[in-house]
Every structure is written in structure tokens, then in C-alpha cells.
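Inside the fold
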Amino acid sequence: MKLKTALTSVALAGTIAAVSTPAMARDTISIVGSSTVYPFATVVAERFGTKTEYSTPKLESTGSGGGMKLFCQGIGTQHPDITNASRRMKTSEYDLCQKNGVTDITEFRIGSDGIVIASSQEAQNLDITLETLFLALGKKVPNPDNEKELIENPYEKWSDIDSSLPNVAIRVMGPPPTSGTRDSFNELALQGGCEDLPAVADMSEDDMEAVCQSVREDGAFIEAGENDNLIVQKLIDDDSLYGVFGYSFLEENSDRLQAATLNGVVPTVEAIAADEYPVARSLFFYVKKAHIGVIPGIKGYIEEFVSPAAMGRNGYLKSVGLIVPPREALMDLQDKAANMPNLQKSELL
């Protein structure tokens, strides 16, 4: 068994060497992906670099979609070892990985997060339904005079939708299409507020998704980059602006920002963990198994991430805003770290 393991490691190293050049050899773990997972992964990387003999991993905040694209480009030290994601890998991304030889991948679901609609403490806070949110941001919405007809979004102010809402222009700053937060927001928030409307009731699933997840392009939704801290700063400076980002950024700035109530639920750790908050989602990272044993420290980094010290009830990731998994789920993660099972496409369907 030991000989077989050794031969497998040699084979994997040979595979990487075949597609890498000596100039690209490295001894530091390369991690890309989600801006939402980035702050949590950064804390783990710094702890790992401090307490072990390995270099502190290098992290890049590329967005979930951008990270998947980089991760799935191939095997070799010019490609990242791990990608973070604020939504699950898509089947199309899995297929891209397989096509490029990234055939052995292990998935880790590391906890939960909620997507909030936030504003300055000085702004008029929103108490809205997901339907109202879709009416504010959807590209095409039901005609107020004919609920079964879709028209280009006519609403300019929040009060145009509901007179009890702020009499200010609809201006929401959020992440770009490459972001997993944007994917989750479109699916959970916008489609969640759209899919029961009479105008889309008879559509096919694909047509409904196309309508419900299309965001208006007339300036009401303002795309920021992958840096959620930029949105936070803009909200602090402008009390007529609302922003979309992960709950952890709200918690970090709770003295200056407030969150909208959605479908009657205020985002809290408890509400998100219990899936009571309507825009809660799971966070992940994915590991390229062919790089384990070739790039030093990958296994150790994974073990640090899923350790009780990091993700236990009193772990340091909880203290920086991650909604950690329950004890049984954490034990499953530790078992995954030990055995590194391959992700199967059927699990993504």
C-alpha cells in the first residue's frame, strides 16, 4: 500500500512537471475565488503560515466565477490549487475542469452566509418583500395595468412601488456577474421574488430564469468590483444608496450600517443558520487533488481550515463572522480532509 501511494505521488508530480516549467515552480499555495470567502480564508492562511513551517498561502479575490475559470484551466504550478466560492460549483464548470484534466476535486462546504441589503445608519431602512426587491431591480417587470404583461422596468423611486417606502431614487450597488454573491442574489432574492408572479407563471423553467434573474441596466443597479469594502464605504458616504453584500461585512460595520428586513426577517446569525432568512446561502472551497504533495502544505491548510480551533463553536472563524457548521457537519468535513473524496457530477445536479 505504501509503495502504491508513493508511486501515485510520483505520477502526479510527473504530470505537473510535464505541464510546468521550472520558472513556474513554487512552494506557496495559490488560492483564488470568492470575495465573500476571502476574509475567512485569509485568516486561516495567516494562522497556517504563522504556526507551521510552510509559507503563508497567497490569496486573490477574483469572484467565484473568475476563480472557477482559473482553477479549471489545468494541472500545473501556473494554475491555482484551491478556489473559494460563495455558491456551489456549476455543472458547466465541472465539465470545464474535466476537459482540462482537473479530474480529481474535493469539495468542502464550510458554513453559511446571508446576502443583505444594507444602508447607512442615517438612511431610511427598508422593510420589503422579495417581490418588492424584484420590482425595484428586475429588468422586465409586470405592467401595473396588466399583471400578466411584462414591460421594461418603469419604477424610478422606491415610493413608486409602495408609497410607504423611501421617496428616493432606486440606487443599489452590488457585485458584478463574476461574483458568486451576484449569482446567489439573482437566484435567491430576485427569482425568489419573481417566480410566483402571474406574468411568468406559464413560462418554461429556462424562460422564467432568464426573466427573473435579469437585472435592469438603466443605472438603478450599480456594479461595483469584487471588493465588498468599496460598497461599504460608498454606503457610509451616501445615505440614499443601498448595497448588496455578504452578512459578514454588515457585522464588521454594524456601528455604521443597517440591514433591510426581507419577507419579515431581519438577517441575524441565528436566522441565517436556520435558513429562516430568505437570502441565506452556503460557502465552499474546492481543492485540486493533483497538487497535493507537490505544492507544499495543501493538506495542512485544509486541516487547519476544518479544525475545531477554526470552525468549532468558539472557533476563530466564528469570531470574524462565519456562520460555522454544526458539530456533526464539522466532523464530516474533518473526515473529508482525511480522505479527500472526489466530487461527482451527480452531486451537482
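Per an unreviewed UniProt entry, the recorded name for the protein chain is Phosphate ABC transporter substrate-binding protein (PhoT family), and the organism is Marinobacter persicus.

Details of the overall build of the protein chain
When its secondary structure is counted, the protein chain shows 15 helices and 13 strands. For 349 residues, the compact-globule estimate of 2.2 N^0.38 gives 20 Å, and the C-alpha radius of gyration of the protein chain, at 22 Å, lies within 12% of that figure. When the backbone C-alpha atoms are referred to their principal axes, the protein chain occupies close to 75 × 45 × 40 Å. The burial tally for the protein chain puts 51% of its 349 residues in the buried class. Looking at the protein chain alone, contacts between residues at least 24 apart form 73% of all its contacts between residues at least 6 apart. Of the roughly 15,900 Å² that the protein chain leaves accessible, carbon and sulfur atoms contribute 48%. Computed over 30 positive and 49 negative side-chain charges, the separation of the two mean positions in the protein chain equals 9 Å.

What about the side chain of R216?
Examined against the element boundaries, R216 turns out to sit in the loop between helix 8 (205–212) and strand 9 (221–223). Within the local environment of R216, its side chain forms a polar contact with the backbone oxygen of Y155, the two atoms lying 2.8 Å apart.

Section: the packing of aromatic side chains
One pass over the structure, following the stated rule, counts eight aromatic pairs. Centroid distance F48 to Y54: 5.7 Å. Interplanar angle 10 degrees. Geometry classified as stacked. A residue is classified by how much of its surface remains accessible, and F48, at 2% relative accessible area, is buried. Given a relative accessible area of 32%, Y54 falls into the partly exposed group. The ring of Y316 carries R47 above its face, with NZ or CZ at 4.0 Å from the centroid. When the ring centre of F71 is taken as reference, the NZ or CZ atom of K288 above it lies at 4.8 Å.

Remarks on the confidence of the model for the protein chain
Of all residues in the protein chain, 93% attain a pLDDT of 70 or more, and the chain-wide mean is 91. In the predicted structure, residues 1–24 sits below a pLDDT of 50 and forms 18 contacts with residues beyond four places in sequence or in another chain.

Reading guide: rules and limits
- Chains are numbered independently. Their residues run from 1 in the order of the written sequence.
- Since the coordinates come from a predicted model, pLDDT governs what is reported: local features require at least 70, and pairs of side-chain atoms require 80 or more to be given and counted, while whole-chain, interface and lining totals use all residues.
- To obtain the side-chain values, all non-hydrogen atoms of the structure were included, while hydrogens and water were left out.
- Helix numbering and strand numbering both begin at the N terminus, where a helix is a DSSP run of H or I of at least 4 residues and a strand a DSSP run of E of at least 2.
- We compute the radius of gyration from the C-alpha atoms alone; for a globule the expected value is 2.2 Å times N to the 0.38, where N is the number of residues.
- Between buried and exposed lies partly exposed: a residue is buried under 20% and exposed over 50% of the maximum accessible area for its type, with that area taken using a 1.4 Å probe on protein chains only.
- Should any heavy atoms of two residues lie within 4.5 Å, those residues are counted as being in contact.
- Here the accessible surface of atoms and residues is derived via Shrake-Rupley with a 1.4 Å probe, and residues count as covered only by protein chains that are part of the display.
- By the counting rule applied here, Lys and Arg register as positive and Asp and Glu as negative, while His and the ends of each chain are not counted.
- Just so you know, the charge point we use is NZ for Lys, CZ for Arg, CG for Asp and CD for Glu.
- Counted as a polar contact is a pair of N or O atoms within 3.5 Å, where, for protein atoms, one must be capable of donating a hydrogen and the other of accepting one, and residues adjacent in sequence contribute only when both atoms are in side chains.
- Whether two aromatic rings pair depends on their centres lying within 6.5 Å, for rings of Phe, Tyr and Trp, where Trp uses its six-membered ring; planes under 30 degrees apart make the pair stacked, over 60 edge-to-face, and the rest tilted.
- Counting as a charge over the ring demands two things of the Lys NZ or Arg CZ atom: a distance within 6 Å of the ring centre and an angle within 35 degrees of the ring normal.
- Here pLDDT means the predictor's own confidence in every residue, given as a number from 0 to 100.

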